[in-house]
Every structure is written in structure tokens, then in C-alpha cells.
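Structural overview for review
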Amino acid sequence: MGRKASQLPFWKIGRELRRFVRQSRAAPGALATYLFAAKYYDLALAGQIRRTAGAVPATAKVAIYLIYPNHGLQTSHLRSLEYLASKGYAPVVVSNLALEAADRDRVLPLCHLCIERPNFGYDFGGYRDGVLAVAAGIATLDRLLLINDSTWFALPGRNDWLDEAEGLNVDLAAAASNFGIPRVNPAEFQSIEWNYRTSHRNFHFCSFALLFGNRVLADPDFLRFWRNFPLTNRKNRTVRRGEIGLSKWILSRDFSHGVTCDLTRLDAELAALDDARLREIADNLIVPEDRRMLAVKHAALKGRPGRQDLIRLILTGVARQGSSYALADFTINECGFPFLKKSPVWLSRESSDITLRLAANLPGEAGAEILAEAQALRRARVPEFDRPA
């Protein structure tokens, strides 16, 4: 049975009061962006968009590939474009930065269209321009892929994600999902009960890779969603209106859906690991921005926790952080998941160290290139990570 209201811990009461105050103060600005931000962008900023035709011919499958090359175009960008074209997709590159001429010349042979736009609205702002660029024929497409460069994608030696996603035969195939379970208090991790479900209020399909089928694309409300999308440069609102909003739209209709990284049986899958591997997964739990969870992780692992405590610690990390971050070692090496998040490289020293170790284990020339990119990102973003203590 849950706690009675009178027994709620003070930290939960304080958190809810602070949230109420923040939301109250932000309400006028939030309403303005909801009503007018997209119109402002379309009237004042969209004129700065540069569109350049590429060499890849049109097909019945389109991949909108959003990039933010603030350290220049990388080899992994080009490899991703080559992969998309090899699977029969016509890539539409959307860059949230203006490209250098030399980088544009490298992109154009590998894409159908290149769009350079003002950096407004995070990934959903870029996706919106990509969707609107193909709007005239969108209802006749077989597939539309939304994918971005927040991950290293198509990791060498791992699963072929587009084959997996298409093989699900659903109207929306996502690489992963987040928050299908409440965020557990880290200090109470031993009491977690794993019941992952799409009905949780914050559940969403992760926007770094979403594959839509024709039933979704032929629905006029899909295009209406993008035309009316309330752009904002507030990340939390973009997540709520974008990832969560689009997921709720899909779930509210009779569209079929699935994920290639399915978390519904994660507790059982962890329980099937041997002791050494389970401990390694716990050690490599990536917690880049959750100090309370990180402190609990360190405290729990200092001793000799049993198997059940290790499993519950990992599940709590996933519940709070999302599988794409927290569970990278498990998903990449146990499940063949071909995505590795980039941001942990610069968000904290520990998460950076773990991510570099995972990248170092990727095979071949492509693996070496990803590791070199990760090391360069670390040096550029947080050079003190590599300074002697």
C-alpha cells in the first residue's frame, strides 16, 4: 500500500511546491510561446533557411537526418548518410547550423536535400522544417524516418536498426522509450517494482530515432501536428510538447507501435546475467545529471551488494535517467542496440569515462572513428576531465 498523504516525506512536498511556483511564474511566457512561437519563426526566421538539392534521387522512403555540427561535420555523419541511402532512404539533411562550404560539398552527394536553418526549437524545430519540406508528397510515402545526431548511430558490429524497425511491421517503430515507470526515490531503490507501461503520464518514444509508416503519414492530423507545433527554445517544454506530445498523439489513436529496445521484461533480462556481468552493468550505469542517484549508486556499490540489490539499483537508474543513457552497456553489448548517446561525454567525468570505454570496444575502422570523435568532444567541451587530479 502507498503512503497516506500525511506521511509524504518533506522532500516530496517541497519538490511539488517548488514545481507549482515555477509553473505559475512561467505560465504567461509558456502561453505566448504556445500561441505565437511557430508564427514568429515562420514569419521572421524561416527566410534565413537555405535549401540545396543533393544527388540522391527521391524514393518512397525519406529519412530526415537532423545534425548540429558545432565542431564541424564528422565522419560519423557521412557514414550515417551512407547507411540510410544503402537502405533505400532518400536522406533530407537538416542542419541546425549553417554549414561551411566544404562541409556542404561533402553532404550533397549523400543526400536528397540539404536544409540549413536557424537553431530554434531544438530537434523538433529541425524535424518540423524537414517534415514541411516533404509535405506535398508525405501521404504517399511508405516510410518517414526522423533521426538525429545526438547519438552515434549504426554502431559497427551491432544490429541493423532499420531492418529491425521495419521488421516490427508497426505504424510507429521507435529505437527506445523513456519513463514508462515512475521515477523512484534513489534512496528507496530496493523497493522498486518493475511495471513498465505506455500509460504512464510521462511515457514517450525517444525522438532520436522514430520510423513512421504510411498509415500515420496519410493521416492529415500528422501534418497538422507539425504545422502547428509550438516551437520554443526551452528544452523541457520541447520534450513535453514534442516527444511526449507526439507519443500521446500516436497512443490516442489506433496506430500500432513498438520499440526495438523493449524494457517491459528488463528485470528478468538482468536476472539472467551472471554475477560478474551484472556487477559490470551496475558499475557502468551512466548517471550524468542526477546527483542524488549518483550518490546512491556509489554508496550501494562500495559494499558487496547482492544480486537483487544490483538489479534494483540498475532498474532505478533506468527509471530516473532513461535506458538510452543509464543502460548503454547492457543495450549495446547484450542487445546489439546500435546507438550510443553523445552527451554523457561532456556532462560528467564518470559518464564520460564510461562512454569512452564503451566506444573503445566498438570494432573496426568505424569504431576507431567513433572513439576519436568522442575523445575530441571531451577535449573540446570539458578539457579539465583529462587534466591530472
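Residues numbered from 1 in each chain as written. Predicted model: local features only at pLDDT ≥ 70, side-chain atom pairs only at ≥ 80, totals over all residues. Heavy atoms only, no water.

Labelled according to an unreviewed UniProt entry, the chain appears under the name Rhamnan synthesis F family protein, originating from Albidovulum salinarum.

This next bit is on the environment of Ile-311. The topology assignment puts Ile-311 in helix 12 (residues 307–321). With near-sequence residues (within four places) excluded, Ile-311 lies in contact with Asp-267, Leu-270, Ala-271 and Leu-278. (Helix = DSSP H or I, 4+ residues; strand = E, 2+ residues; numbered from the N terminus. Contact = heavy atoms within 4.5 Å.)

On to helix 10 (residues 275–283). Every buried residue of helix 10 is listed here: Arg-277, Leu-278, Ile-281 and Ala-282. All buried residues of helix 10 lie within an arc of 140° about the axis, which places them on one face of the element. Opposite the packed face of helix 10, turned more than 90 degrees from it, sit the exposed residues Asp-275 and Ala-276. (Buried < 20%, exposed > 50% of the residue type's maximum accessible area, 1.4 Å probe, protein only. Arc of directions from axis to C-beta.)

Before going further, it helps to spend a moment on the sheet that holds strand 7 (residues 172–174). A sheet is described by the order of its strands in space; here 8 strands give the open sequence 1-4-3-2-5-10-7-11, paired in mixed fashion. The open sheet is flanked by strand 1 (50–53) and strand 11 (257–259), the only strands paired with a single partner. Each neighbouring strand pair of the sheet contributes to a mean axis angle of 15°, computed without reference to strand direction. Pairing geometry for strand 3 (residues 90–95) and strand 4 (residues 113–116), over 4 bridges, is parallel. Residue Val-94 lies in a different strand from strand 4, and its bridge partner there is Ile-115. Across the sheet, helix 2 (residues 75–86) is in contact with strand 2 (61–67), strand 3 and strand 5 (143–148); its angle to strand 2 comes to roughly 170°. Relative to the sheet, helix 4 (residues 122–133) contacts strand 2, strand 3, strand 4 and strand 5, its axis offset from that of strand 2 by approximately 145°. (Pairing = 2+ DSSP bridges. Axes fitted to C-alpha atoms, helices over the stretch in contact; angles between N-to-C directions.)

Taken as a whole and judged by the stated rule, the model has 22 salt bridges. Of the charged contacts in the structure, one is a salt bridge between Asp-103 and Arg-106, with a shortest N-O distance of 3.4 Å. In this pair, Asp-103 and Arg-106 both sit in helix 3 (residues 101–107), 3 residues apart, roughly one turn of the helix. The class for Asp-103 is buried, based on a relative accessible area of 14%. Of the charged contacts in the structure, one is a salt bridge between Glu-280 and Arg-277, with a shortest N-O distance of 2.9 Å. Placement of both Glu-280 and Arg-277 in helix 10 is noted, with a separation of 3 residues, approximately one turn of the helix. Residue classification places Arg-277 among the buried positions, given a relative accessible area of 14%. A cluster of three or more residues bridged by salt bridges with shared partners is formed by Asp-219, Asp-221, Arg-224 and Arg-253. (Salt bridge = Lys/Arg side-chain N within 4 Å of Asp/Glu carboxyl O.)

Within the secondary structure layout, Ser-343 lies in the loop between strand 12 (339–341) and helix 15 (344–347). Given a relative accessible area of 13%, Ser-343 falls into the buried group. At 3.4 Å, the side chain of Ser-343 forms a polar contact with the side chain of Tyr-325. (Polar contact = N/O pair within 3.5 Å; in protein donor to acceptor, adjacent residues only side chain to side chain.)

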